[in-house]
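Take a look at the letters that make up each chain.
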Amino acid sequence: MSVRIARLKSGEDVIADIQEICPKDTPDKPVAYLFGKPYIVDAVENKDLQVLTEEPQQIDDISVMFYPWAPMSAEEKIMCPIEWVVTIYRPYEIITEKYNKLTGGEEEHVESITPEVLT
């Protein structure tokens, strides 16, 4: 599994098992990405920890919320045209662990899938 976050033109951050889709005749030129078990991921500041400071907040200072990216889809894998993706990056390990817990990846499965807060 290759869990990554894709920043889309819409501004959404989608976490998923992301794979490239390439035509047979040009295998080195992807035309789309296949998002497996895609969720919108959003970071929310813990209100108890808000302090007026010029220091950036640490990953421990936030809660992570996951929302299904395509909640009406019967498919677990959804294609996204390559031109809609601004960038793809590897999330912090703690974010990957929370995603795996939610989707039943490498850790235990969480029953509820709409919006879920994992702290």
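Analysis parameters
- Residues numbered from 1 in each chain as written.
- Predicted model: local features only at pLDDT ≥ 70, side-chain atom pairs only at ≥ 80, totals over all residues.
- Heavy atoms only, no water.
- Helix = DSSP H or I, 4+ residues; strand = E, 2+ residues; numbered from the N terminus.
- Salt bridge = Lys/Arg side-chain N within 4 Å of Asp/Glu carboxyl O.
- Buried < 20%, exposed > 50% of the residue type's maximum accessible area, 1.4 Å probe, protein only.
- Core = buried A, V, L, I, M, F, W, Y, C linked by side-chain atoms within 4.5 Å.
- Contact = heavy atoms within 4.5 Å.
- Phe/Tyr/Trp six-rings, centres within 6.5 Å; stacked < 30°, edge-to-face > 60°.
- Pairing = 2+ DSSP bridges.

**Q** Would you mind going over the environment of Tyr-92 in detail, with residue names and values included?
**A** In this structure, Tyr-92 sits in the loop between β6 (85–89) and α1 (93–103). Once the C-alpha coordinates of Tyr-92 and Arg-4 are considered, the two residues, 88 residues apart in sequence, prove to be 9.7 Å apart.

**Q** So what's going on with the pattern of salt bridges? Which residues, and what values?
**A** Enumeration according to the criterion identifies one salt bridge in this entry. Of the charged contacts in the structure, one is a salt bridge between Asp-13 and Arg-7, with a shortest N-O distance of 2.5 Å. For Arg-7, a relative accessible area of 35% translates into the label partly exposed.

**Q** An account of the nonpolar core is needed here, citing residue identities and associated values.
**A** By size, the foremost hydrophobic cluster in this structure holds 22 residues, and its most contacted members are Leu-8, Ile-15, Phe-35, Phe-66 and Trp-69. Those elements giving two or more residues to this core turn out to be β1 (3–8), β2 (13–21), β3 (32–45), β4 (62–68), β5 (77–81) and α1. Ranked by residue count, the leading element in this core is β3, at five residues. Other than its neighbours up to four places away in sequence, Leu-8 contacts Val-14, Phe-35, Trp-69, Cys-80, Trp-84, Val-85 and Val-86.

**Q** How would you sum up α1? Please name residues and give values.
**A** Those residues of α1 that sit buried are Ile-95, Thr-96, Lys-98, Tyr-99, Asn-100, Leu-102 and Thr-103. Once α1 finishes, Gly-104 follows within two positions and takes phi at roughly 75°, a positive value.

**Q** Kindly report on the packing of aromatic side chains, identifying the contributing residues and their values.
**A** Per the counting criterion, the structure on display carries two aromatic pairs. Consider the rings of Phe-35 and Trp-69, whose centres lie 5.3 Å apart with planes at 55°: the pair is tilted. Here the residue Phe-35 occupies a position in strand β3, and Trp-69 occupies one in the loop between β4 and β5, the gap between them amounting to 34 residues. On the numbers, 6.3 Å between centres and 80° between planes, the contact of Tyr-39 with Tyr-99 is edge-to-face. Here Tyr-99 lies in helix α1 and Tyr-39 lies in strand β3, a separation of 60 residues in the sequence. Given a relative accessible area of 9%, Tyr-39 falls into the buried group.

**Q** Lay out the environment of Met-65 in plain terms, naming residues and giving numbers.
**A** Note on placement: Met-65 falls in strand β4. Assessed through its relative accessible area of 18%, Met-65 is described here as buried. Along the primary structure Met-65 and Tyr-99 are separated by 34 residues, whereas in three dimensions their C-alpha atoms are 9.8 Å apart.

**Q** Could you give an account of unusual backbone geometry, naming the residues involved and the relevant values?
**A** Unlike most non-glycine residues, Lys-37 shows phi in positive territory, near 50°. Along the chain, Lys-37 turns up in strand β3.

**Q** Explain the pairing of β1 to me, using residue names and the numbers behind them.
**A** One ladder, built from five bridges, connects β1 with β2; its direction is antiparallel. Pairing of Val-3 across the sheet is with Asp-17, part of β2. Hairpin remark: β1 followed by β2, antiparallel, with four residues in the connecting loop; positive phi at Gly-11, about 95°. Sheet topology places β1 next to β6; four bridges connect them, and they run antiparallel. Within β6, the position partnered with Leu-8 by the bridge is Val-85.

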